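Fold and contact review
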Amino acid sequence: MAIPEPPPARPSLTAVPAVAGMPVRPARRLGGWLGLLPMAVLLTAAFAVPVVSLLRLGFGDGGLSFEHFRRIAEVPLYRSILATTLTISALTTLLCVVLSYPVAYLMATVGPRLRAVLVVVVLLPFWTSSLVRTTAWIVILQGNGILNKLLMGVGLTSEPVAFVYNLSGVLIGMTHVLMPFVVLPLYAALRSLDLSTVQAAEGLGAGPATVFVRVVLPLTAPGAVAGATIVFMNAIGFYITPALMGGPAQTMISQVIADNVNRELNWGFAAALSTMLLGATLVIFMLFQRAFGLERLFSGAGTARSGEPFRLTSRGRSVGGVLTVVFGLLVAVFLIAPILVVFPMSLGSSPFLSFPPDDYSLRWYVNFFETSKWFNALIRSLQVAGLTVAGAVVLGTAAAIGLGRIPARWRTAIETLFVLPMIVPVIILAVGLYYLFAPTGLVGTIWGLAIGHTVLAAPYVFVTVRASLKSFDPSLELAALGLGASWATMARRILVPTILPGILAGAVFAFITSFDDVVLALFLTNIRTRTLPKLMYEGVAHEIDPTIIAAAGLIILVTILLMLVNLLVTRRRA
């Protein structure tokens, strides 16, 4: 990540190339299994055990029972919630695909400088906390928000339009969060198209519309379908956005799971709902893996062809092309709007949110650092993120190195198991860990939350380091060992310098995963140990205090810094 191409939305899982004819020696194989062991222990103890323990409750305490599942099937309310979950997920997926084509086309058909700007426009929201973006959309869309003021100001409406706390609010928020998963693969697909194919179709008399429908659309469809599958798989487990931007009619299955644990104390029914949600997610994941392969899930933008901008026709943009560009620019504004709005609003001095601010001040930032609950929450988030990064980097790096040293027949299965925490809806892991940790006293401690975050973050380090290992030639290791170097010396002087960019990129992913988490924090912390995202969530759920916007501004600044670090790391990897 001439102008740099965008880094992958998620790192590749491509296997490390083997040296032809090089046998896997017993000592090397043993070292590989030992490298895998720590991460396997963590995922067994803090992922498999809590999830399985939770799901088991859905089938009854005293014996096998399907009572909870019958209740789901027989009660109209729960059938309606399941239908709502599927409907919202499908509509979000459709919107993501439809809106992604224009902006991906725009990115692929402009010059290097504008393309670089558009890449940042897509990636900056992708890196920014979903809670921050959700908060921004509430400010923009609420009755006295920016959009309604604009519509009434130009005379398009005489009274506020209900954009939020309904279906439109949920779709806007979820589409904004998930759309980059489609934009990046589509952009890569367009940049990778063979222009001779387009030119041949044009030479046979096809116009721009025909070229798009008969050539471009079929060739980019696999990228669109892959991105759509990822979006749908994520959407069915969403919790924060529908909880904050939706109303009772937009209640999704994750919210019902949380409600049955926190309010109804009906663990069995929550477990039955979790079983259904997990089953649907795993079915989609297995179909995706069979159709596209596991590496496609994390390859994001993939490999894009460099060179001249892509063109549907050699005669310049058609009318449809110009309209597509205009629409693509509007979508780009949609992607960046929350960030452009939130940061200036955080600099206002008024206790009432307004955009643009009447005057500028650091009042709310000062209030953030001087108010103990906000400052302590920030420090706690940084402590948990530090523990998470340390644990995830050690476990993920050791597992990635170890995987390349075991027999090839085991690698795909182990890779799949190690990335499952990235696939399973977070609400299931959160409830499972709460069920497991409550008797041990880990709930309400930073250690319990750090363990949960490490479960989520270690797979990211694992896949980024695995991607970096593609550039490491195993024969260098054998040569160093053959010349008398110890394995530690070889690792310090040869292996680690080669894969260091991947380790750093994984550390950035781990930090963001921990620092932005809300769902695990809702279940594993209390009022004395809550993190900054949880404190913001509680504030947004009741009334938006300007200090929340200042906190969002700080998170945006941290996000920009981390994004710059990741871009530098990506360049080094390239």
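These numbers come from a predicted model, not from an experiment. (Residues numbered from 1 in each chain as written. Predicted model: local features only at pLDDT ≥ 70, side-chain atom pairs only at ≥ 80, totals over all residues. Heavy atoms only, no water.)

Section: the environment of A390
One can find A390 in helix 17 (residues 372-403). Taking relative accessible area as the criterion, A390 reaches 45% and is therefore assigned partly exposed. (Helix = DSSP H or I, 4+ residues; strand = E, 2+ residues; numbered from the N terminus. Buried < 20%, exposed > 50% of the residue type's maximum accessible area, 1.4 Å probe, protein only.)

Some thoughts on the packing of aromatic side chains
If you walk through the whole model with that rule in mind, you get 15 aromatic pairs. Against the face of F269 rests R71, its NZ or CZ located 4.2 Å from the ring centre. (Phe/Tyr/Trp six-rings, centres within 6.5 Å; stacked < 30°, edge-to-face > 60°. Lys NZ or Arg CZ within 6 Å of the ring centre and 35° of its normal.)

Remarks on the nonpolar core
Soluble, globular proteins show a tendency: their nonpolar side chains are buried together. Core analysis: the largest hydrophobic core is formed by 183 residues, its most contacted members being I427, F462, L532 and M536. Contacts of L532, omitting those with residues within four sequence positions, involve F368, W374, A377, L378, S381, F515, A551 and I555. (Core = buried A, V, L, I, M, F, W, Y, C linked by side-chain atoms within 4.5 Å. Contact = heavy atoms within 4.5 Å.)

Here's the deal with the confidence of the model for the protein
In this model, the protein carries a mean pLDDT of 82, and residues with pLDDT of at least 70 account for 87%. Overall, residues 1-23 carries pLDDT values under 50, and its contacts beyond four positions in sequence, including any with other chains, amount to 80 contacts. Across residues 300-307 the pLDDT falls below 50, and counting only partners more than four positions away or on other chains, this stretch makes 29 contacts in the model. (pLDDT = per-residue confidence, 0-100.)

Details of the environment of H68
Tracing the backbone through its elements, the reader meets H68 in helix 2 (residues 67-74). Once you skip the residues sitting within four places of it in the chain, H68 turns out to touch L57, G58, N266, G268, F269 and A272.

Focus: a nonpolar patch on the surface
On the surface, L30, L34, L37 and V41 cluster together into a nonpolar patch covering about 380 Å² of accessible area. Within the secondary structure layout, V41 lies in helix 1 (residues 26-57). (Patch = residues over 30% accessible without salt bridge, like charges linked within 9 Å, V, L, I, M, F, W, Y side chains within 5 Å. Areas by Shrake-Rupley, 256 points an atom, 1.4 Å probe, with all protein chains shown as cover. Salt bridge = Lys/Arg side-chain N within 4 Å of Asp/Glu carboxyl O.)

Some points on the side chain of R466
In this fold, R466 is placed in helix 20 (residues 446-468). A polar atom in the side chain of R466 sits 3.4 Å from the side chain of E415. (Polar contact = N/O pair within 3.5 Å; in protein donor to acceptor, adjacent residues only side chain to side chain.)

Notes on unusual backbone geometry
Backbone geometry places Y165, a non-glycine residue, at a positive phi of 65°. Within the fold, Y165 resides in the loop between helix 6 (146-153) and helix 7 (167-178). With a phi angle near 55°, L265 is a residue other than glycine that sits in the positive phi range. Its location among the elements puts L265 in the loop between helix 12 (253-262) and helix 13 (267-292). L265 gets classed as exposed once you look at its relative accessible area, which sits at 60%.

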